[in-house]
Amino acid sequence: PSLPPSANARAGETMLLTLKKLIARLFFPVPFIFLLLAAGLLLSMADWRVYGQEGLTMTAIERSVTPGSVTVEILNTTEERLWNYGDYSQDGCRLQRRLWGLWLPMRREARPEGTVCAALPVFVYEQGAPQRFTFRWADHFLMPFSKLEPGRYRLILEFYREGGKDAAVPLAAEFEVR
């Protein structure tokens, strides 16, 4: 005995719906697992540290911020003499971007092989003597970009106490590119 055409159509639709549900359940974990792995990778790349030191400040000069540069002012109010290499240091100058509430590192280039800097300039920060530096992305050998997209950024510099490079004090200046 054969079923009427409308019953055959309903049976086919039911089977197709059941098959779609089965496929959806089988493949649901794949996007979920992918999203979970992507979130884990993003969280592992994020920088959770707070960069600050009592008596030492580094602030972005608001009117100096452009997509191509930022000027920061560094002020030491402690009795310690601190120093760094300004923007010449390969490890001591980093840029991060704030995305989704996380600070993520910006890509940097490696120093070209065979290049040697015979003498890095040393900048000394004494008590009460503010100093300003302008960082230009297009001119900086580690930054592979010439402009920053609109968003929130922070520039991180390493400072050292007199007497050695072992006691690094990292400071950050946050700024917004519009």
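You'll find the structure just up there.
Residues numbered from 1 in each chain as written. Predicted model: local features only at pLDDT ≥ 70, side-chain atom pairs only at ≥ 80, totals over all residues. Heavy atoms only, no water.

(A) Here's a closer look at the nonpolar core. With 28 residues, the main nonpolar core has Leu95, Phe135, Trp137, Leu148, Phe159 and Phe175 as its most contacted residues. Listed by contribution, the elements that provide at least two residues to this core are β1 (56-60), β2 (69-76), β4 (93-99), β6 (123-125), β7 (131-136), β8 (151-161) and β9 (168-177). Among the elements that make up this core, the one with the highest residue count is β9 (5 residues). If we skip the residues at most four places from it in the chain, Trp137 touches Thr66, Pro67, Gly68, Ser69, Val70, Leu95, Met143, Phe145, Ser146, Leu148 and Phe175. (Core = buried A, V, L, I, M, F, W, Y, C linked by side-chain atoms within 4.5 Å. Buried < 20%, exposed > 50% of the residue type's maximum accessible area, 1.4 Å probe, protein only. Helix = DSSP H or I, 4+ residues; strand = E, 2+ residues; numbered from the N terminus. Contact = heavy atoms within 4.5 Å.)

(B) Molecular detail of the sheet that holds β2. Spatially, β1-β2-β7 is the arrangement adopted by the 3 strands of the open sheet, whose pairing is antiparallel. Strands with a single pairing partner mark the edges of an open sheet, and in this sheet they are β1 and β7. Each strand axis lies, on average, 25° off the axis of its neighbour in the sheet, ignoring direction. With 5 bridges connecting them, β1 and β2 associate as antiparallel partners. The residue of β2 that forms the bridge with Thr59 is Glu73. (Pairing = 2+ DSSP bridges. Axes fitted to C-alpha atoms, helices over the stretch in contact; angles between N-to-C directions.)

(C) Here's a closer look at the environment of Leu99. When you line up the elements, Leu99 lands in strand β4. Separated by 52 residues in the primary sequence, Leu99 and Gly151 place their C-alpha atoms 8.3 Å from one another.

(D) A look at the pattern of salt bridges. Overall, the coordinates contain 6 salt bridges when judged by the stated rule. The salt bridge partner of Arg132 is Glu73, with a shortest N-O separation of 3.0 Å. Of this pair, Arg132 sits in strand β7 while Glu73 is found in strand β2, placing the two residues 59 residues apart along the sequence. Arg94 is paired through a salt bridge with Glu158; the nearest N and O atoms lie 3.0 Å apart. A residue pair is termed long-range when its members are at least 10 positions apart, and Arg94 in strand β4 and Glu158 in strand β8 qualify at 64 residues. Among the charged side chains, a salt-bridge network with shared partners connects Arg152, Glu174 and Glu176. (Salt bridge = Lys/Arg side-chain N within 4 Å of Asp/Glu carboxyl O.)

(E) Main features of the packing of aromatic side chains. Here the structure, examined in full by the defined rule, presents 5 aromatic pairs. For the pair Phe123 and Phe133, a centre-to-centre distance of 4.7 Å together with 80° between the ring planes defines the contact as edge-to-face. Highlighted residues: Phe123 in strand β6 and Phe133 in strand β7, separated in sequence by 10 residues. By the burial criterion, Phe123 is buried, and Phe133 matches it. Judged by centre distance (5.2 Å) and plane angle (65°), the rings of Tyr125 and Phe159 are edge-to-face. Linking Tyr125 in strand β6 with Phe159 in strand β8, this pair joins segments that are 34 residues apart in sequence. Here Tyr125 matches Phe159 in class, with each residue buried. Through a chain of ring-to-ring contacts, three or more aromatic side chains come together here, namely Phe123, Tyr125, Phe133 and Phe159. (Phe/Tyr/Trp six-rings, centres within 6.5 Å; stacked < 30°, edge-to-face > 60°.)

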